[in-house]
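# Examination of the molecular architecture
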Amino acid sequence: MKTAVFTIGSRNYFAHVKTLMASLAETNPEWDRFAAIADSIQFLEADGFTLLAPEDIDLPHLHQMAFRYSIMEFNTAIKPFVFKTLLTKLGYDRVIYLDPDIYVYDRMNELEEAFEKGNSIILTPHMTGINSDDKKPTDVDILLSGTYNLGFLGLAKSEETFEFLEWWSKKLEKLCFIAHASGIFVDQKWVDLVPGFFDNVYILRHEGYNTAYWNLAHRKPEKREGKFYYNGKPLIFFHFSGINITNLYNVSKHQDRFTIDDLGLTRELYESYASTVLHNGHAMYKMMPYAFGTFDNGDIVSDHYRVIYREHSRIQQMCGENPFEKFEIFATIDYIEKNALSAQCGVNVDGLQKRLMKFKNYFNIMNKWIKLSDASASIENYLTEHNYTKIAIYGMGELGERLYETLKDSKQITLMYGIDKTKKVSVDNFTVYNLNDKLPEVDAIIVSATFDFNAIKKSLSEKVNYPIISLEEVIMRCGDI
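Residues numbered from 1 in each chain as written. Predicted model: local features only at pLDDT ≥ 70, side-chain atom pairs only at ≥ 80, totals over all residues. Heavy atoms only, no water.

Strand order across the open sheet formed by three strands is S11-S12-S13, with antiparallel pairing between neighbours. Pairing within the sheet leaves two strands with one partner each, and these edge strands are strand S11 (221–224) and strand S13 (233–234). In the sheet, strand S12 (residues 227–230) pairs with S13 via two bridges, with the strands oriented antiparallel. Paired with Tyr229 across the strands is Pro234, a residue of S13. (Pairing = 2+ DSSP bridges. Helix = DSSP H or I, 4+ residues; strand = E, 2+ residues; numbered from the N terminus.)

Moving on to the sheet that holds strand S2 (residues 32–37). Strand order in the open sheet formed by seven strands is S3-S2-S1-S4-S7-S6-S10, with mixed pairing between adjacent strands. Both edges of this open sheet fall to strand S3 (50–52) and strand S10 (201–203), since each of them pairs with a single strand only. Averaged over all pairs of adjacent strands, the angle between their axes in this sheet comes to 20°, without regard to strand direction. In terms of strand pairing, strand S1 (residues 3–9) meets S2 through six bridges, oriented parallel. From the neighbouring strand, Ala4 faces S2, where its bridge partner is Asp32. The sheet strands contacting helix H4 (residues 79–89) are S1, S2, S3, strand S4 (94–98) and strand S7 (152–156), and the helix crosses S1 at an angle near 150°. Strands strand S6 (121–123) and S7 of the sheet are contacted by helix H7 (residues 159–174), whose axis makes an angle of about 130° with S7. (Axes fitted to C-alpha atoms, helices over the stretch in contact; angles between N-to-C directions. Contact = heavy atoms within 4.5 Å.)

Looking now at unusual backbone geometry. Across the junction of Lys136 and Pro137, the peptide omega takes the value 0°, indicating a cis bond. Relative to the helices and strands, Pro137 resides in the loop between S6 and helix H6 (139–145). Its identity is not glycine, yet Val186 carries a phi of approximately 35°, on the positive side. In this structure, Asn387 is a non-glycine residue whose phi angle is positive, near 60°. You can see Asn387 is positioned in the loop between helix H15 (375–385) and strand S15 (390–394). Looking at Asn387, the relative accessible area reads 60%, which means it is exposed. (Buried < 20%, exposed > 50% of the residue type's maximum accessible area, 1.4 Å probe, protein only.)

Axis separation between H4 and H7 bottoms out at 8 Å; the angle between their running directions is 145°. H7 is crossed by H4, and the crossing has left-handed handedness. Of the residues in H7, those touching H4 at Lys79, Pro80, Phe81, Phe83, Lys84, Leu87 and Thr88 are Thr161, Phe162, Leu165, Glu166, Trp168, Ser169 and Leu172. Taken together, the residues of the contact of H4 with H7 break down into eight nonpolar, three polar and three charged. (Left-handed = near helix turned anticlockwise from the far one by under 90°. Nonpolar A, V, L, I, M, F, W, Y, C, P; charged D, E, K, R; others polar.)

Listed as buried for helix H16 (residues 398–407) are Leu399, Gly400, Leu403, Tyr404, Thr406 and Leu407. Down the axis of H16, the sector holding all buried residues measures 160°, keeping them to one side. (Arc of directions from axis to C-beta.)

Turning next to H4. Extensive coverage of H4 is indicated by the burial of eight of its eleven residues. Buried residues of H4: Lys79, Pro80, Phe81, Val82, Phe83, Thr85, Leu86 and Leu87, and no others. In the stretch just after H4, Gly91 is the one whose phi turns positive, near 75°.

Laid out in structure tokens, this is it:
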């Protein structure tokens, strides 16, 4: 049988990936080894295993998934899609997944035997014994996170395996986040349903598999002739979940049952593992930025943005295929929220959409204006050709002031005054009227506002009989750029 084993990690965790892969090469060398990178693969080099970039995996909407999830959520969300890629595109008969913070100490003979007996889906439970104290993780913590630890999963090619992967992948495309109150914990909680759905599911209870902080209280360690045993069973792989490589004292950030001083023989495993990960470049890799952590312009994608995106379908529609290109949408969200325009229960999407259109119109005008080789002459020529030589400017915001600066020294165009509904001041001896004032005669009023031009034109038309034109029209018709 053709067998593959894979892990998933981002660049900041690549030292762990290398450590796992080296342990597999030593203990189970006949398996082909893969590392799926939920990140850019730039600057990463594989030694005896194959890297899979996000583009190598059949993800339905890569950029939408990556934006929807935090780094941890995205790493777990792509798992069924990697299984599919290895089983179908690359033609493997059996595929095993292991978390990158696992170290394999021996051959997985028991796993092979379970496959040989016709099992399609092989799981390991978090707990194979009862914890008698009230320390974390409690039984409730395990129930909230999931009965089976998805740091390990073995699948054999079969009809029910593909049925399982099809169901699981649809869930994880959009529902792979941490939401205990909603009954969801990334990819893991979903699998509680699997033994009830499918016949050929095997629960591997061997206490040398997936030994970790959550079951150490009922797995007694021994060491014989250099090998570790737990409850008399040889240690196959240990899961160093939540470890702090540079400070082992708390054992894992997810528990308070032990300190490193309480572990007895197991302390040796932790110290050896940490030393190996450090040797494999942990200090360098942990500093590598996450490729899906910023917008295309370099601004940070906050977790708040990710939640807003996944909870509002209209924002998803506005973002299109690649939300990383849509920084202005989320800048607008910030603007709305800072100005108390959001409802208590969430974002005011109608307000957001209106503000976004203003941003888009503004950026389009500025982009065209900047590209004009000689904006002053072009605008002058346009206005002169239309016999607009005495001009008023409506809207003395940024665009209005820029138009003023462009034309104030013109020999062909005379700027008569400005109009602004919120202020009545002078700018360099340039009179700015309020909308309610009597407006002197001009050849045309140029409206600098980037939104609601028709409404502004209607309001002005009730006061004056002069032509009313938009700055957007002037800019877009200046030259052929």
